[in-house]
Amino acid sequence: MTVFADGHDIAPDLRADLAHRNIPVVDGRITGIARHGGHSATVKLDTGPDVAVDILFAHPPTKPSASLHDSLGLATVDTPLGIVLKVDERRETSIPGIYAAGDLATPGMPSVTTASWQGAMAGIFAQQSMLA
Ligand SMILES: Cc1cc2nc3c(=O)[nH]c(=O)nc-3n(C[C@H](O)[C@H](O)[C@H](O)COP(=O)(O)OP(=O)(O)OC[C@H]3O[C@@H](n4cnc5c(N)ncnc54)[C@H](O)[C@@H]3O)c2cc1C
């Protein structure tokens, strides 16, 4: 296994842990990935030589695919995993009366289960707000 830092800082204790496990860390930014057939690929870096890999796991940052939140002026939060809507513990966004759930409002925990329970909670709190 090889970890590509892609220009990000990796904390010294994490580096030490990876070294302890004989997992090399490749610093520098990834400038390209050349695929060769079904599995193997070459990772190109701005510093140092290309690195050949059999399988590549990546976690690109996410962002909302629609722009409704923008036109409504909802506040967002920039997380290391991408942009999500800002919600409070009642799943209410920065604009009173608008609630959000699911991937759009959940950094780093995308799942059907999460989206379902958050959707249920958002619905309950939206209904409560209409009764208040
Ligand atoms: C490849 C893959 C595999 C996954 N596997 C799993 C798994 O095994 N188990 C698991 O729990 N989770 C899995 N997930 C994650 C899970 O699919 C998501 O976390 C979940 O679907 C999020 O639900 P959501 O309602 O927030 O968003 P979505 O399911 O993305 O629903 C958003 C909906 O809004 C619609 N939409 C977008 N823009 C507009 C617009 N302008 N107007 C109207 N409608 C619009 C979209 O078409 C979509 O139907 C997987 C995700 C992917 C990509």
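As the structure is a prediction and not an experimental result, all values here were calculated from the model.

What counts, and at which threshold
Residues numbered from 1 in each chain as written. Predicted model: local features only at pLDDT ≥ 70, side-chain atom pairs only at ≥ 80, totals over all residues. Heavy atoms only, no water. Helix = DSSP H or I, 4+ residues; strand = E, 2+ residues; numbered from the N terminus. Buried < 20%, exposed > 50% of the residue type's maximum accessible area, 1.4 Å probe, protein only. Contact = heavy atoms within 4.5 Å. Areas by Shrake-Rupley, 256 points an atom, 1.4 Å probe, with all protein chains shown as cover. Pairing = 2+ DSSP bridges. Axes fitted to C-alpha atoms, helices over the stretch in contact; angles between N-to-C directions. Polar contact = N/O pair within 3.5 Å; in protein donor to acceptor, adjacent residues only side chain to side chain. Near = heavy atom within 4 Å. Core = buried A, V, L, I, M, F, W, Y, C linked by side-chain atoms within 4.5 Å. Domains from an automatic or database assignment. Expected span 1.5 Å × (residues − 1). Arc of directions from axis to C-beta.

Peer 1: Before we move on, could you go through the overall build of the protein chain and cite the residues and values that matter?
Peer 2: Summing up its helical and strand segments, the protein chain has three helices and seven strands in all. Seen through its C-alpha atoms, the protein chain measures out along the principal axes to roughly 65 × 35 × 25 Å. Expressed as a percentage of the 132 residues in the protein chain, the buried residues total 26%. Counting only contacts in the protein chain whose residues sit at least 6 apart along the sequence, the fraction spanning at least 24 positions is 15%. Taken as a whole, the protein chain presents about 9200 Å² of accessible surface, with 59% of it coming from carbon and sulfur.

Peer 1: I'd like a description of the sheet that holds strand β5 (residues 51-53), backed by residues and values.
Peer 2: Sheet architecture is open: three strands sit in the order β3-β4-β5, paired in antiparallel fashion. Strand pairing shows two members of the sheet lacking a second neighbour, β3 (30-35) and β5, which therefore form its edges. Along the sheet, successive strands turn relative to each other by an average axial angle of 25°, direction set aside. Sheet topology note: the strand β4 (residues 41-45)/β5 ladder contains three bridges and is antiparallel. For Ala41, the partnering residue across the bridge sits in β5 and is Val53.

Peer 1: Quick one: what's the story with the side chain of Arg91, residue by residue and with numbers?
Peer 2: Tracing the backbone through its elements, the reader meets Arg91 in the loop between β7 (82-85) and α3 (112-131). In this structure the side chain of Arg91 is engaged in a polar contact, spanning 3.0 Å, whose partner is the backbone oxygen of Ala100. When sequence neighbours within four positions are dropped, the list of residues in contact with Arg91 reads Ile98, Tyr99, Ala100, Ala101, Ala105, Thr106, Gln118, Met121 and Ala122.

Peer 1: Would you mind going over the site of the ligand in detail, with residue names and values included?
Peer 2: In the neighbourhood of the ligand, the contacting residues comprise Ala66, Gly102, Asp103, Pro110, Ser111, Val112 and Ala115. Asp103 is positioned with one of its side-chain polar atoms (N or O) 2.8 Å from an oxygen atom of the ligand. Alone, the ligand offers 990 Å² of accessible surface; in the complex the protein occludes 25% of this.

Peer 1: Please give an account of the nonpolar core that cites residues and values.
Peer 2: Phe4, Val26, Ala41, Val43, Leu45, Val51 and Val53 together form the largest nonpolar core, which totals seven residues. Elements with a contribution of two residues or more to this core: β4 and β5. With three residues, β4 is the largest single contributor of residues to this core. Setting aside chain neighbours within four positions, we find Val43 in contact with Phe4, Ile30, Gly32, Asp50, Val51, Val53 and Leu56.

Peer 1: Before we move on, can you summarise the domain arrangement of the protein chain with the specific residues and values?
Peer 2: According to the domain assignment, the protein chain contains domain 1 (3-53) and domain 2 (68-131). Taken over C-alpha atoms, the centre of domain 1 sits 34 Å from the centre of domain 2.

Peer 1: Provide a residue-level description of the environment of Ser111, including the pertinent values.
Peer 2: Tracing the backbone through its elements, the reader meets Ser111 in the loop between β7 and α3. Residues Ser111 and His39, spaced 72 residues apart in sequence, show a C-alpha to C-alpha distance of 27 Å.

Peer 1: Outline α3, supporting the account with residue identities and numerical values.
Peer 2: Spanning 20 residues, α3 covers 29 Å between terminal C-alpha atoms, matching the ideal 28 Å at 1.5 Å per step. Residues Thr114, Gln118, Ala122, Phe125 and Ala126 constitute the buried set of α3. An end-on view of α3 places all buried positions within 105° of arc, on one side of the element. For α3, exposure combined with an orientation more than 90 degrees from the buried face picks out Val112, Thr113, Met130 and Leu131.

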